[in-house]
Amino acid sequence: MATPAAADRLEFWQFDEDDNQLVFTTDEAVRPDVRLIFNPTRLVIDLPGIELGQQRSPQPGDDEIREVRVGQPQAGTTRLVVELASGYTFDPDDIDIRGRSPREWVVQLPEPEPLDDATATDASESIDDIEVEEPPPGAGADLLEVASELEAVEPADYGFYLRLSGEDVPFEIDQTRRDRRIVLDLPNTRLAPSVQVPEDSLEQFGIEAMEITQEEVDEDELPRVRVTLDLEEWGDWQAVETAVGDIVLQPGRQASDDEEDSEVIAESPDDETPEDEGSEDDTSDEDSAVGSGQLQSIAFLPERNALQLRVSGDVSYSVEQNGTNYRLRFPNTRATDIRPLVLDRSSRLLNVAWEMDDADLVVDLEVAADVRVGQPAETSTGFGLRQQGDRLITLAFERAAWTPGTPLPSVPMPDVGDRRITVVLDPGHGGRDPGAVGIRGLQEVEVVNAVTPEVAALLEQQGVQVVLTRADNRTLELETRVQVAERASADVFVSIHANAISMSRPDVNGIETFHASSAGQILAAAIQDSLIEATGSPSRGVKSARFFVIRRTSMPAALVEVGFVTGAEDAPRLEDPGYRRLLAQAIARGILQYIRDNR
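Residues numbered from 1 in each chain as written. Predicted model: local features only at pLDDT ≥ 70, side-chain atom pairs only at ≥ 80, totals over all residues. Heavy atoms only, no water.

Engineer: For this particular structure, what's the right way to read the overall build of the chain?
Structural biologist: Within the chain, the regular secondary structure consists of six helices and 40 strands. When each of the 599 residues of the chain is scored for burial, the buried share is 52%. Taking contacts inside the chain between residues at least 6 apart in sequence as the whole, the part at least 24 apart equals 69%. Surface summary for the chain: the accessible area is close to 27400 Å², and the carbon and sulfur share equals 42%. (Helix = DSSP H or I, 4+ residues; strand = E, 2+ residues; numbered from the N terminus. Buried < 20%, exposed > 50% of the residue type's maximum accessible area, 1.4 Å probe, protein only. Contact = heavy atoms within 4.5 Å. Areas by Shrake-Rupley, 256 points an atom, 1.4 Å probe, with all protein chains shown as cover.)

Shown next, in the form of structure tokens:
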């Protein structure tokens, strides 16, 4: 017999008290109806046509936000309510409600304000005209049909790092000298609302303007993201795919004169590249051709599991892979007197050799079978090879992601000597606040309560004094966590969390670490590098953020998200006691490396 059709449902909702942000998703498109009601102040979000489904207990807030709850006042309408504590209100003009897609919405709340006589209102009053920002163009395609989402464009020494989630996309880059314009197209990709142009970094790369847009498409077409660079002076740029499917957009070699008047089209390594169609100017400048480069040194960094090559001059490179063997070819490049490398027995880099092949310098690498060096390709520059500035090239070896049931890698702890260092560790959430809840009901607090004490024990074994903001599963306000660090005169503060996103996005996995200062950035990078090397988990990078506990602390501070409880790959690992020990070891090693190198 026929079964009734399932009603449209609220799939997921979560309030992040650190960011004052409410996120919710539904299984079908919805347009929220939003109003602000007073005495007490409540932001009411009605979702017409959406059934509640499974009931969930209210999420407690803090001193200013009493709670966030969900209910169903009538059939066919789900209601989300953010209720403030008595004596507080919101400025309605500062409430930002925007759609990432017709099914995924973000409510960014301002800081609650004390209510005084001047702002008091009658209980019957409400504000019904709060603006709701519609989803961006092209965001209407179903999430399951979109291969990727552009989450961030981050400046780096070598160019711009485009962070993507989801599947790899066959990007295309068009370069036109006549217009001094570079256009990078990402088909089958959605633009996240949080993506911003890194304005402060444009000048150093000679860029007059950068645009990042969600291109308008027909209803039967999938979304497309376009990144456009308008250059001050013409120069060749290249787009390189990394080992984890992100994209590096960076200046390439200087184009020779016979190329400069032609339109150059480069595509992903797996796609065909059209032959050069010629140019208007047949003259060339031999001095600007690729070459005249010099390899000055090769060094292996065991703690970062990376190979560094120092070069000078105009250098390009390509990579060939054959199993666990990789060949780096540097056209028209010569080597100086390079010292032989001494590799430890535990190194995942097994052998390095270099020789001249006619005018080309060839560097051959052999790596262990459990190391992921990049995307298999006959010739590719896009497998994790990153050029830093114009003199240092870093090749990172990534361990294959650990899976339950396999042996855990060893994580040696650096020696910090007799330094007197105090580290405050902050296990996120706790008590009545379980944090994020993910696959099979996995709670964030379960993960951080297991990982944090092991980090503390490892640091104490190295002579570091450790203070915990909480040693049991109690509710703790954010301000109290900061006060613990300040009273301890801590040298380092690290807050440990697990991440989450909509349950409809199990494809999103990985580790990321946040900072709110330049000193915190160094600490965050040390922890992130250690975690990625130890676990093989996808790296979502080191990012700046305004989380309360890292913004209000006066010492170098970092907040680490050790994986997604909603991730199909992360959740089983985060449930595993062995993997939790591995996370603790990696975090402790990162902190110790920071102490050794910076304190």
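Engineer: Please clarify how the environment of leucine 115 should be interpreted in this entry.
Structural biologist: Checked against the element boundaries, leucine 115 lands in the loop between β11 (113-114) and β12 (126-127). Exposure remark for leucine 115: the relative accessible area of 32% places this residue in the partly exposed category. For leucine 115 and phenylalanine 90, which are 25 residues apart along the polypeptide, the C-alpha to C-alpha distance reads 9.0 Å.

Engineer: What should I look at first to understand the environment of isoleucine 532 in this one?
Structural biologist: Tracing the backbone through its elements, the reader meets isoleucine 532 in helix α3 (residues 518-535). Residues isoleucine 532 and glycine 510 lie 22 residues apart in sequence; the distance between their C-alpha atoms is 8.9 Å.

Engineer: Mind showing me how you'd approach the side chain of arginine 573 here?
Structural biologist: With respect to the helices, strands and loops of the structure, arginine 573 is situated in helix α5 (residues 570-575). A distance of 2.9 Å separates the side chain of arginine 573 from the side chain of aspartate 570, its partner in a polar contact. Those residues within four positions of arginine 573 in sequence are excluded, and the remaining contacts are Ala401, Trp402, Pro404, Ser537, Pro538 and Tyr579. (Polar contact = N/O pair within 3.5 Å; in protein donor to acceptor, adjacent residues only side chain to side chain.)

Engineer: Help me out: how do you make sense of the sheet that holds strand β30 (residues 360-367) in this one?
Structural biologist: Working definition: the strands of a sheet are paired by backbone hydrogen bonds and lie parallel or antiparallel to each other. On the basis of which strands lie adjacent, the open sheet formed by four strands has the order β26-β27-β30-β29 and antiparallel pairing. This sheet does not close on itself; its edge strands, each paired only once, are β26 (318-322) and β29 (349-357). Adjacent strand axes in the sheet meet at a mean angle of 20° when their direction is disregarded. Across six bridges, strand β27 (residues 325-330) lies against β30 in antiparallel orientation. Across the sheet, asparagine 325 pairs through a bridge with glutamate 366, a residue of β30. (Pairing = 2+ DSSP bridges. Axes fitted to C-alpha atoms, helices over the stretch in contact; angles between N-to-C directions.)

Engineer: Mind showing me how you'd approach the packing of helix α1 (residues 444-461) against helix α6 (residues 577-598) here?
Structural biologist: The relative placement of two packed helices is expressed as an angle between their axes plus a distance between the axes. Contact geometry of α1 with α6 gives a least axis separation of 8 Å together with a crossing angle of 45°. One way to sum up the angle between α1 and α6 is to call them oblique. Like other packed secondary-structure pairs, α1 and α6 cross with a definite hand, here right-handed. Here α1 contributes Glu446, Val447, Ala450, Val451, Glu454, Val455, Leu458 and Leu459 to the contact with α6, which in turn contributes Arg580, Arg581, Leu583, Ala584, Gln585, Ile587, Ala588, Ile591 and Leu592. By residue class, the composition of the contact of α1 with α6 is twelve nonpolar, one polar and four charged. (Parallel < 35°, antiparallel > 145°, perpendicular 65-115°, else oblique. Left-handed = near helix turned anticlockwise from the far one by under 90°. Nonpolar A, V, L, I, M, F, W, Y, C, P; charged D, E, K, R; others polar.)

Engineer: Would you mind going over the pattern of salt bridges with me for this structure?
Structural biologist: Note on pairing: side chains with opposite charge can pair once their charged atoms come close. Applying the stated rule across the entire model yields 25 salt bridges. The salt bridge involving arginine 98 is made with aspartate 96; its shortest N-O contact spans 3.0 Å. Look at aspartate 96 and you get partly exposed, because its relative accessible area is 29%. A salt bridge links aspartate 426 to arginine 481; its shortest N-O distance comes to 2.7 Å. (Salt bridge = Lys/Arg side-chain N within 4 Å of Asp/Glu carboxyl O.)

Engineer: Help me out: how do you make sense of the nonpolar core in this one?
Structural biologist: One recurring pattern in soluble globular proteins is that nonpolar side chains are buried together. Val455, Leu459, Ile587 and Ile591 are the most contacted members of the largest nonpolar core, which has 49 residues in total. Elements represented by at least two residues in this core include exactly β35 (422-427), α1, β37 (492-499), α3, β40 (557-564), α5 and α6. Among the nonpolar cores identified, the runner-up in size contains 29 residues, and Leu150, Ile212, Trp234 and Trp237 belong to it. (Core = buried A, V, L, I, M, F, W, Y, C linked by side-chain atoms within 4.5 Å.)

Engineer: When you look at the packing of α3 against α6 in this model, what are you seeing that I'm missing?
Structural biologist: For the pair α3 and α6, interaxial distance at closest approach is 8 Å and the crossing angle is 140°. Classed by the angle they form, the pair α3 and α6 counts as oblique. Of the two elements, α3 crosses α6, and the hand of that crossing is right-handed. Contact residues: α3 offers Ala519, Ile522, Leu523, Ala526, Ile527, Ser530, Leu531, Glu533, Ala534 and Thr535, while α6 offers Tyr579, Leu582, Leu583, Ala586, Ile587, Arg589, Gly590, Ile591, Gln593, Tyr594 and Asn598. For the contact of α3 with α6, the residue count by class is 14 nonpolar, five polar and two charged.

Engineer: Help me out: how do you make sense of the pairing of strand β14 (residues 148-156) in this one?
Structural biologist: For a regular strand, side chains alternate in direction, first toward one face of the sheet and then toward the other. Taken across its nine residues, β14 has eight buried, putting it largely inside the fold. The pairing of β14 with strand β18 (residues 189-191) spans three bridges and is parallel. Bridge pairing in β18 places glutamate 149 opposite arginine 190.

Engineer: Would you mind showing me how to read the sheet that holds strand β39 (residues 539-544) here?
Structural biologist: Pairing is mixed across the open sheet formed by six strands, whose spatial order is β36-β35-β37-β40-β38-β39. Two strands lie at the open edges of the sheet, namely β36 (465-468) and β39, each paired on one side alone. The sheet shows a mean angle of 20° between the axes of neighbouring strands, taken without regard to direction. Inspection of the sheet shows β35 paired to β37 by five bridges, in the parallel sense. In the strand pairing of β37, aspartate 426 is matched with serine 495. Packed on one face of the sheet, α3 meets β37, β38 (511-515), β39 and β40 and runs near 170° to β38.

Engineer: How should I be thinking about the packing of aromatic side chains in this particular structure?
Structural biologist: Both the distance between ring centres and the angle between the ring planes are used here to describe each pair of aromatic rings. Applying the stated criterion across every chain yields a total of five aromatic pairs. Centre to centre, the rings of phenylalanine 205 and tryptophan 237 are 6.2 Å apart; their planes meet at 65°, and the pair counts as edge-to-face. Remark: tryptophan 237 occurs in strand β21 (residues 237-241) and phenylalanine 205 occurs in the loop between β18 and β19 (207-215); sequence separation between them is 32 residues. On the basis of an interplanar angle of 90° and a centroid distance of 5.1 Å, the ring pair of phenylalanine 514 and phenylalanine 547 is categorised as edge-to-face. (Phe/Tyr/Trp six-rings, centres within 6.5 Å; stacked < 30°, edge-to-face > 60°.)

Engineer: What am I meant to see in the pairing of strand β7 (residues 77-84) here?
Structural biologist: The element β7 is extensively covered by neighbouring structure, given that seven of its eight residues are classed as buried. Judged from the seven bridges that link them, strand β4 (residues 42-48) and β7 form a sheet pairing that is antiparallel. For aspartate 46, the partnering residue across the bridge sits in β7 and is arginine 79. Linking two consecutive strands that pair antiparallel, namely strand β6 (residues 65-74) and β7, is a turn of two residues; a positive phi of about 85° is found at glycine 76 within it.

Engineer: How do you make sense of unusual backbone geometry when you look at a structure like this?
Structural biologist: Put simply, asparagine 39 and proline 40 share a cis peptide bond, and its omega is -5°. Secondary-structure assignment places proline 40 in the loop between β3 (33-37) and β4. Although it is not a glycine, asparagine 188 sits at a positive phi angle of roughly 60°. Looking at the element boundaries, asparagine 188 is found in the loop between β17 (181-187) and β18. Residue asparagine 188 is classed as partly exposed on the basis of its relative accessible area of 23%.

Engineer: How do you make sense of the side chain of aspartate 426 when you look at a structure like this?
Structural biologist: Structurally, aspartate 426 can be placed in strand β35. Separated by 2.7 Å, the side chains of aspartate 426 and threonine 469 make a polar contact. One polar contact links aspartate 426 to serine 495, side chain to side chain, over a distance of 2.7 Å. Not counting the four nearest positions on each side in its chain, aspartate 426 is found in contact with Thr469, Arg481, Phe493, Val494, Ser495, Ile496 and Val549.

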